[in-house]
Amino acid sequence: MQKKLIALAIAGLSSAAFAQTNVTIYGVADATFDFITVKDGNTGANNPNFNRVSTNGSRIGFRGTENLGNGLNAIFQFESDANFDTGGGLNTARDSFVGLSGNFGKVLLGTLTGPTRALGEAIDVNAGADGINSNKAVLGKLGGALTQFNGASLSDTRWNNAIAYVSPSFSGLQATAVYTTSENKSENPLFKINTNGYDLGLNYNNGPVMVGAAYNQVNERNGGFLGGIAGTGNDEKIKVWRVGGMYDFGNATVRVLFDRTKADGSLRNAKQTVWGIGGTYNVTANGKITGQYYKAKDLSGNTGSLSNSDTGAKFYTIGYEHSLSKRTMLKAGYAYLKNDNQVNTNGVNGAGGYDFGNNPATANAGVRIGDGVKLSGLQFGLRHAF
């Protein structure tokens with residue numbers, strides 16, 4: 001009897017809470033079986049080939065809205081990775097925030113995807129822009145110097161401790177501005193720290209046309225003891241310009257992207273351009289072919305090296321996605337990533353070359369990426385959204 005009374009009390013509290021706020025539970029379960037091949041190139045690293053199960057961007061989230069009246073709403077979102085392969089678990093490292101929305105747009109506080117990252121994902125041809133076929137393999141990496149632990153570049157990683165403004169859509173035109181704070185600032189003369197950044201974007205999405213432009217900058221002051229941006233050392237200013245677009249023909253799409261990264265500080269005056277082209281084609285009512293090619297050009301500028309030649313990479317993907325329903329998809333894909341012959345000889349990118357932008361091969365302890373290393377992966381899997 002007591003258990004029934006407790007259950008009824010909890011149900012009553014839940015009903016009251018949900019009456020005040022409209023809450024939605026959503027998520028993605030995405031898993032593939034991957035065959036990964038690593039060819040050593042000039043490294044002599046004796047790299048292993050291996051297979052694995054990958055949970056590509058699997059997540060669970062809660063979002064809600066409360067109507068405050070006069071067109072004003074309180075909004076929130078908690079979104080967690082929900083990986084169910086090796087090292088899997090839950091966290092709030094994905095887009096999680098609280099904010100206000102109204103006729104003025106939105107103001108958000110939390111961990112956020114900036115417009116630069118969002119534009120790269122919008123141009124990617126793969127469902128979810130996750131897994132080994134993601135264009136994050138080469139975008140913004142400066143030969144590997146700006147690669148983060150998740151395999152993506154600094155500009156393709158979410159902003160922590162951030163505040164953002166998202167404008168209303170004006171016939172498809174929308175602006176976004178994100179600022180990430182210097183929360184860890186220290187004036188200690190032995191290890192001064194002051195890291196902050198901002199990300200600005202303008203996007204037009206109306207009918208068959210989508211075009212966007214974004215710019216972000218990260219400023220880092222670090223005295224050297226605590227380590228700064230992954231792979232860069234300290235005293236950095238990283239700038240990224242990105243433009244891209246897509247045209248939807250109905251049964252096919254064409255997509256292009258241009259990315260320019262520049263670094264000052266201990267990375268000297270390094271610059272790199274990456275460009276890519278991709279497309280999709282519906283072969284049946286439920287199935288489509290995807291493909292893209294990206295080229296990371298050689299580094300340029302004063303990088304302190306004898307030569308900037310052969311410091312880029314080439315990236316190809318092809319895939320097939322078959323929808324079993326509106327929410328469930330079978331998919332297969334192949335990705336090929338070739339490091340140029342001197343990616344590890346340049347002082348800028350001694351951190352080590354190009355790897356897959358999601359689920360990097362170097363997550364396997366035996367894999368080393370460097371000069372001339374070629375990566376390829378074949379994957380088969382299932383994606384379900386709820």
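Residues numbered from 1 in each chain as written. Predicted model: local features only at pLDDT ≥ 70, side-chain atom pairs only at ≥ 80, totals over all residues. Heavy atoms only, no water.

*Asks:* How would you summarise the overall build of the protein if you had to cite specific residues and measurements?
*Replies:* Each helix and strand counted, the protein has two helices and 17 strands in total. Per-residue burial over the protein gives 45% buried out of 386 residues. A fraction of 60% describes how many contacts in the protein between residues 6 or more apart in sequence connect residues 24 or more apart. Total accessible area computed for the protein in this model is approximately 18000 Å², and 58% of it derives from carbon and sulfur atoms. (Helix = DSSP H or I, 4+ residues; strand = E, 2+ residues; numbered from the N terminus. Buried < 20%, exposed > 50% of the residue type's maximum accessible area, 1.4 Å probe, protein only. Contact = heavy atoms within 4.5 Å. Areas by Shrake-Rupley, 256 points an atom, 1.4 Å probe, with all protein chains shown as cover.)

*Asks:* A description of the environment of Asn56 should follow, citing residues and the corresponding values.
*Replies:* Topologically, Asn56 is positioned in the loop between strand S2 (50-55) and strand S3 (59-69). Overall, Asn56 belongs to the buried group, its relative accessible area being 1%. Between the C-alpha atoms of Asn56 and Asp81, which are 25 residues apart in sequence, the distance is 9.6 Å. Once residues lying within four places of it in the same chain are set aside, the contact partners of Asn56 are Asp30, Ala31, Thr32, Asp130, Gly131, Lys331, Asn359 and Arg383.

*Asks:* Give a description of unusual backbone geometry that names residues and reports values.
*Replies:* For Asn70, which is not glycine, the phi dihedral falls at a positive 55°. By relative accessible area, Asn70 is classed as exposed at 86%. Positive phi, close to 55°, is recorded for Ser171, a residue that is not glycine. Along the polypeptide, Ser171 turns up in the loop between strand S7 (159-166) and strand S8 (173-180).

*Asks:* Give me empty space enclosed by the protein: which residues, what numbers.
*Replies:* One pass over the structure, following the stated rule, counts two cavities of 30 Å³ or more. If you add up the space inside the largest cavity, you get close to 90 Å³. Forming the boundary of the largest cavity are Asn126, Ala127, Asp130, Asn133, Thr290, Gly319, Tyr320, Glu321, Lys331, Ala332, Gly333 and Gln379. A breakdown of the residues in the lining of the largest cavity according to their chemical character gives three nonpolar, six polar and three charged. Together, Gly140, Leu146, Ser153, Leu154, Ser155, Asn216, Val218, Ile238 and Val240 line the second largest cavity. Secondary-structure elements contributing two or more residues to the lining of the second largest cavity are strand S10 (209-222) and strand S11 (236-248). For the lining of the second largest cavity, the residue count by class is five nonpolar, four polar and no charged. (1 Å grid on protein atoms, 1.4 Å probe; cavity = no way out; pocket = protein on both sides within 12 Å on 5 of 7 lines; lining within 4 Å. Points joined across faces, edges and corners; volume = space filled by probe spheres on them. Nonpolar A, V, L, I, M, F, W, Y, C, P; charged D, E, K, R; others polar.)

*Asks:* Kindly report on the packing of aromatic side chains, identifying the contributing residues and their values.
*Replies:* Under the defined criterion, the tally for this structure stands at eight aromatic pairs. Taken together, a centroid distance of 5.0 Å and an interplanar angle of 75° make the contact between Phe33 and Phe35 edge-to-face. Classification of Phe33 as partly exposed rests on a relative accessible area of 35%. On the basis of relative accessible area, Phe35 is assigned to the partly exposed category, the value being 38%. A centroid spacing of 6.1 Å and a plane angle of 50° characterise the contact between Tyr198 and Tyr215, whose relative ring orientation is tilted. A residue pair is termed long-range when its members are at least 10 positions apart, and Tyr198 in strand S9 (residues 193-206) and Tyr215 in strand S10 qualify at 17 residues. On the basis of relative accessible area, Tyr198 is assigned to the partly exposed category, the value being 29%. Feature note: the residues Trp275, Tyr293, Tyr316 and Tyr336 constitute an aromatic cluster, connected by ring pairs. Positioned over the ring face of Tyr26 is Arg63, at 3.8 Å from the centre of the ring. (Phe/Tyr/Trp six-rings, centres within 6.5 Å; stacked < 30°, edge-to-face > 60°. Lys NZ or Arg CZ within 6 Å of the ring centre and 35° of its normal.)

*Asks:* Lay out a nonpolar patch on the surface in plain terms, naming residues and giving numbers.
*Replies:* A contiguous nonpolar surface patch, about 950 Å² in accessible area, is contributed by Phe33, Phe35, Val53, Tyr281, Val283, Ile289, Ile318, Tyr320, Tyr334, Leu378 and Phe380. Mapped onto the nonpolar patch, the elements with two or more residues apiece are strand S1 (22-39), strand S15 (313-323) and strand S17 (374-385). Tracing the backbone shows Leu378 in strand S17. (Patch = residues over 30% accessible without salt bridge, like charges linked within 9 Å, V, L, I, M, F, W, Y side chains within 5 Å. Salt bridge = Lys/Arg side-chain N within 4 Å of Asp/Glu carboxyl O.)

That's the geometry; what it means functionally is another story.
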